Amino acid sequence: MTIEMLYSKIHRATVTDANLNYVGSITVDEELLEASKMRVGQKVEILNINNGERFSTYIILGERGKRDICLNGAAARKVHKGDKVIIVAYATYDEKELDTYKPRVVIVDEDNNIEHISESI
């Protein structure tokens, strides 16, 4: 049996831009991707704390150190600059993998600087 579990999340990131005239996806700063162990092209869920919207998209690489969190394309209609979002990635694990399972949680401040990284929910 396999179980879908939280793989990683970036918690309470601030949306820095919403670009309707882009093909689609979420742009995430490279340092935040590394800290969260998320990957370019990976499917993620976006949870908008401000308005309750929940939607899926995929990650594109943002410039290292700029702390960008930009929703692009149709997703840009679901956020506003300054909104707080949680970026969530899931993975499928088998029962043996769950013995050593440790999700990655990256907590960021108002400017999307990393405050804390943990491996627990």
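Before any of the text, the structure's been laid out above.
Just so it is clear, the structure is predicted and the values come from calculations on it, not from any experiment.

*Asks:* Explain the pairing of strand 7 (residues 84-94) here, please?
*Replies:* For a regular strand, the rule is simple: side chains alternate between the two faces of the sheet. Where strand 1 (residues 2-14) and strand 7 come together, ten bridges link them in antiparallel fashion. Across the sheet, Thr-2 pairs through a bridge with Asp-94, a residue of strand 7. Summarising the sheet, strand 4 (residues 43-48) and strand 7 pair through four bridges and their orientation is antiparallel. The partner of Ile-46 across the bridge, within strand 7, is Ile-87.

*Asks:* Would you mind showing me how to read the pairing of strand 3 (residues 25-29) here?
*Replies:* Within strand 3, five of the five residues are buried, which leaves the element mostly enclosed by the surrounding structure. What you see with strand 3 is no split at all: Ser-25, Thr-27 and Asp-29 on one side and Ile-26 and Val-28 on the other are buried throughout. As paired elements, strand 3 and strand 6 (residues 69-72) share four bridges and run antiparallel to each other. Opposite Val-28, over in strand 6, you have Ile-69 as the bridge partner.

*Asks:* Can you walk me through the environment of Arg-104 in this structure?
*Replies:* Among the secondary structure elements, Arg-104 is positioned in strand 8 (residues 104-108). With a relative accessible area of 15%, Arg-104 lands in the buried category. What Arg-104 contacts, discounting residues up to four positions off in sequence, is Tyr-7, Ser-8, Lys-9, Ala-35, Ser-36, Lys-37, Ile-117, Ser-118 and Glu-119.

*Asks:* Explain the nonpolar core here, please?
*Replies:* Generally speaking, soluble globular proteins have nonpolar side chains that are buried together. Of all hydrophobic cores here, the largest spans 22 residues; its most connected members are Ile-10, Ile-26, Val-28 and Ile-87. Where this core is concerned, the elements lending two or more residues are strand 1, strand 3, helix 1 (30-36), strand 4, strand 5 (54-62), strand 6, strand 7 and strand 8. Ignoring any residue separated from it by four or fewer positions in sequence, one finds Ile-26 in contact with Val-44, Ile-46, Thr-57, Tyr-58, Ile-59, Ile-60, Ile-69, Cys-70, Leu-71, Asn-72 and Ile-87. Counting six residues, the second largest nonpolar core, distinct from the first, contains Leu-6, Val-88, Tyr-93 and Tyr-101.

Rules of the game
- Residues numbered from 1 in each chain as written.
- Predicted model: local features only at pLDDT ≥ 70, side-chain atom pairs only at ≥ 80, totals over all residues.
- Heavy atoms only, no water.
- Pairing = 2+ DSSP bridges.
- Helix = DSSP H or I, 4+ residues; strand = E, 2+ residues; numbered from the N terminus.
- Buried < 20%, exposed > 50% of the residue type's maximum accessible area, 1.4 Å probe, protein only.
- Contact = heavy atoms within 4.5 Å.
- Core = buried A, V, L, I, M, F, W, Y, C linked by side-chain atoms within 4.5 Å.

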